[in-house]
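Here are the chains, one letter per residue:
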Amino acid sequence: MIKTALYPGSFDPITSGHVDIIKRSANLFDKLIIGIFKNSSKTKAWFSDEEKVEMIKEVLKNENINAEVKIFNGLLVDFISKEKVDILIRGLRALSDYEYELQFTLTNKTLAKSEFETIFLSASRKYLYLSSSLVKEIAQNYGDLRTFVPENVEKKLIEKVKQMEL
Ligand code: ADP
């Protein structure tokens, strides 16, 4: 039986920590979907849904990873059942992620409309303290982004900062 995994997130923008989890998941399951939570009008995202899809697709192409990228709206459990997802993947960094991730998982389990299991992958040591917010802060202060994001994302971040300064 084919096992489909879903890795959901905001990916504003995708970081090397996300890429690491994506690569490791793609090796574990037959099919991997990267699910982008649609930006709501309330979220102050730097990147539009389309920009996020474009950046992730380029990363997948450059890294030779076989995965699909989809934007979704509404409840995660509805998307899980629609896409026939068997495994939900989440990444765990420091202890501070644990509380939020457990709440996220248990809530989704309670709301579940189909059978699925959640698997946590621990962040690699190199990316333990890496987050999209940190990356945006570094970009805003013209820091070196090379170890934190793929090259195409670095370019987009620099462009974005320039646009914001206009
Ligand atoms: P969210 O807005 O849901 O936190 P993110 O895109 O920031 O979405 O993260 C999606 C998932 O990836 C979460 O499970 C998060 O813990 C995990 N994650 C984020 N950054 C890293 C990283 N550097 N290493 C491992 N997992 C990570």
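Bear in mind the structure is a predicted one, so any value in this text is a computation, not a measurement.

Regarding the overall build of the protein
- A count of helices and strands for the protein gives six helices and five strands.
- Across the protein, helices and strands are ordered from the amino to the carboxyl terminus as β-α-β-α-β-α-β-α-β-α-α.
- For 166 residues, the compact-globule estimate of 2.2 N^0.38 gives 15 Å, and the C-alpha radius of gyration of the protein, at 16 Å, lies within 12% of that figure.
- Its C-alpha atoms put the protein at 50 × 35 × 30 Å along the principal axes.
- Taking all 166 residues of the protein together, 47% fall into the buried category.
- Carbon and sulfur atoms provide 52% of the accessible area of the protein, an area that totals close to 9,900 Å².
- On the protein, the mean spot of the 25 positive side-chain charges and the mean spot of the 24 negative ones are 1 Å from each other.

A few points about the site of the ligand
- The environment of the ligand is formed by 16 residues, the closest being Tyr7, Ser10, Gly91, Glu101 and Tyr127.
- One of the backbone nitrogen or oxygen atoms of leucine 130 is found 3.0 Å away from a nitrogen atom of the ligand.
- Calculation on the ligand without its partners gives an accessible area of 540 Å², and the protein chains cover 89% of this total.
- Along the lines of polarity and charge, the residues of the shell around the ligand split into seven nonpolar, five polar and four charged.

Concerning unusual backbone geometry
- Following aspartate 12, the chain continues into proline 13 via a peptide bond in cis, with omega recorded as 0°.
- Structurally, proline 13 can be placed in the loop between strand 1 (4–9) and helix 1 (16–28).
- Located in the positive-phi region is asparagine 64, a residue other than glycine, with phi close to 55°.
- Structurally, asparagine 64 is set in the loop between helix 2 (49–63) and strand 3 (68–72).
- On the basis of relative accessible area, asparagine 64 is assigned to the exposed category, the value being 72%.

Describing the nonpolar core
- In terms of nonpolar packing, the biggest core is built from 34 residues, with Ile14, Ile22, Ile56, Leu60, Ile89 and Leu157 touching the most fellow members.
- Of all the secondary-structure elements, those providing two or more residues to this core are strand 1, helix 1, strand 2 (31–37), helix 2, strand 4 (87–92), helix 5 (132–140) and helix 6 (151–165).
- Considering each element in turn, this core owes the most residues, five residues, to helix 2.
- Counting residues in each nonpolar core, the second largest holds 11 residues, with Phe72, Leu76, Leu88 and Phe116 among its members.

Points about the packing of helix 2 against helix 6
- Where helix 2 contacts helix 6, the axes come no closer than 9 Å and their chain directions differ by 150°. As far as their axial angle goes, helix 6 and helix 2 are roughly antiparallel. Between helix 2 and helix 6, the contacting residues are Glu51, Met55, Glu58, Val59 and Asn62 on the first element and Asn152, Val153, Lys156 and Lys160 on the second.
- Here the residues of the contact of helix 2 with helix 6 are counted per class, giving three nonpolar, two polar and four charged.

Observations regarding the sheet that holds strand 2
- Judged by pairing direction, the sheet is parallel, and its five strands sit side by side in the order 3-2-1-4-5 without closing on themselves. The open sheet has two edge strands, strand 3 and strand 5 (117–122), and neither has a second partner. In this sheet, adjacent strand axes meet at a mean angle of 30° when their direction is disregarded.
- Pairing between strand 1 and strand 2: six bridges, direction parallel. Paired with alanine 5 across the strands is leucine 32, a residue of strand 2.

A closer look at the packing of helix 5 against helix 6
- At a closest axis distance of 9 Å, the pairing of helix 5 and helix 6 adopts a crossing angle of 60°. Between helix 5 and helix 6, the interaxial angle falls into the category oblique. For the pair helix 5 and helix 6, the crossing hand works out as right-handed. Contact residues: Val135, Lys136, Ala139 and Gln140 in helix 5; Leu157, Val161 and Met164 in helix 6.

Examining the confidence of the model for the protein
- A residue-level look at the protein finds 100% of positions with pLDDT of 70 or above and a mean pLDDT of 95.
- By mean pLDDT, the top-scoring element of the protein is strand 1 (98), and the lowest-scoring one is helix 4 (residues 95–111) (92).

Rules used throughout
Residues numbered from 1 in each chain as written. Predicted model: local features only at pLDDT ≥ 70, side-chain atom pairs only at ≥ 80, totals over all residues. Heavy atoms only, no water. Helix = DSSP H or I, 4+ residues; strand = E, 2+ residues; numbered from the N terminus. Rg over C-alpha atoms; globule rule 2.2 N^0.38 Å. Buried < 20%, exposed > 50% of the residue type's maximum accessible area, 1.4 Å probe, protein only. Areas by Shrake-Rupley, 256 points an atom, 1.4 Å probe, with all protein chains shown as cover. Lys, Arg positive; Asp, Glu negative; His and termini not counted. Charge placed at Lys NZ, Arg CZ, Asp CG, Glu CD. Near = heavy atom within 4 Å. Polar contact = N/O pair within 3.5 Å; in protein donor to acceptor, adjacent residues only side chain to side chain. Nonpolar A, V, L, I, M, F, W, Y, C, P; charged D, E, K, R; others polar. Core = buried A, V, L, I, M, F, W, Y, C linked by side-chain atoms within 4.5 Å. Axes fitted to C-alpha atoms, helices over the stretch in contact; angles between N-to-C directions. Parallel < 35°, antiparallel > 145°, perpendicular 65-115°, else oblique. Contact = heavy atoms within 4.5 Å. Pairing = 2+ DSSP bridges. Left-handed = near helix turned anticlockwise from the far one by under 90°. pLDDT = per-residue confidence, 0-100.

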